[in-house]
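Listed below are the residues making up each chain.
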Amino acid sequence: MNFLIINGVNLNLTGKREKDVYGGASLEEINEKIAAFAAKNGNKVDFYQSNIEGELVDKLHEAYLKGGYDGILLNAGAYSHYSYALRDAIAAIDVPVVEVHMSNVHARESFRHTSVLSEVCKGVVCGFGAGSYIAALVGLQDALNDL
């Protein structure tokens, strides 16, 4: 299966900012771990990161219009809590999307407890650090295989 991993706002600073929340591994190191896990399990992953909301919307549209992806993992960062543009983009495509957060958003500030994306996503995984991506990948693959 082919998956697209999209990382949003501020995730380019992973490993440098708020290490107590997001850990010390860089986004590149996390991506390498995801790619190795995917390859070991016969899957392929592509990665994309942008701090710009419209570029994230464009990437979701592109993934749908050009095809080639069985599913998408999306860590939209803070956009998860208020981006109706991303919500509408997810609702407009027929590629299943899993919302991913490295931190447990429900154990943090109250504004992080609500996501406008969750109701249009196949699932949500949070709180396992970089392992959230692996858990989301396994869960989405199982769902696609009807397990």
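Residues numbered from 1 in each chain as written. Predicted model: local features only at pLDDT ≥ 70, side-chain atom pairs only at ≥ 80, totals over all residues. Heavy atoms only, no water.

Peer 1: Help me understand the pattern of salt bridges, please; the structure alone is not making it clear to me.
Peer 2: Where charged atoms of side chains with opposite charge meet at close range, the side chains can pair. Scanning the entire structure with this criterion turns up four salt bridges. Two residues, Lys59 and Glu62, come together in a salt bridge whose shortest N-O distance is 3.2 Å. In this pair, Lys59 and Glu62 both sit in helix α3 (residues 53-66), three residues apart, roughly one turn of the helix. By relative accessible area, which is 32% here, Glu62 ends up partly exposed. Between Arg87 and Asp88 there is a salt bridge, with its nearest N and O atoms 3.7 Å apart. What makes Asp88 partly exposed here is its relative accessible area of 46%. (Salt bridge = Lys/Arg side-chain N within 4 Å of Asp/Glu carboxyl O. Helix = DSSP H or I, 4+ residues; strand = E, 2+ residues; numbered from the N terminus. Buried < 20%, exposed > 50% of the residue type's maximum accessible area, 1.4 Å probe, protein only.)

Peer 1: What is the right way to look at the nonpolar core in this model?
Peer 2: Buried together is how nonpolar side chains tend to be arranged in soluble globular proteins. Within the largest apolar cluster, 20 residues are counted, with the highest numbers of intra-cluster contacts made by Leu60, Ile72, Leu86, Val97 and Leu117. Listing elements by their share of this core, those giving two or more residues are β1 (2-7), α3, β3 (71-75) and α4 (84-92). The element contributing the most residues to this core is α3, with four residues. Discounting residues that sit within four places of it in the chain, Leu60 has contacts with Ile6, Ile72, Leu86, Ala89, Ile90, Ile93 and Val97. In terms of nonpolar packing, the next biggest core, distinct from the first, is built from 18 residues, Ile30, Ala136, Leu137 and Leu140 among them. (Core = buried A, V, L, I, M, F, W, Y, C linked by side-chain atoms within 4.5 Å. Contact = heavy atoms within 4.5 Å.)

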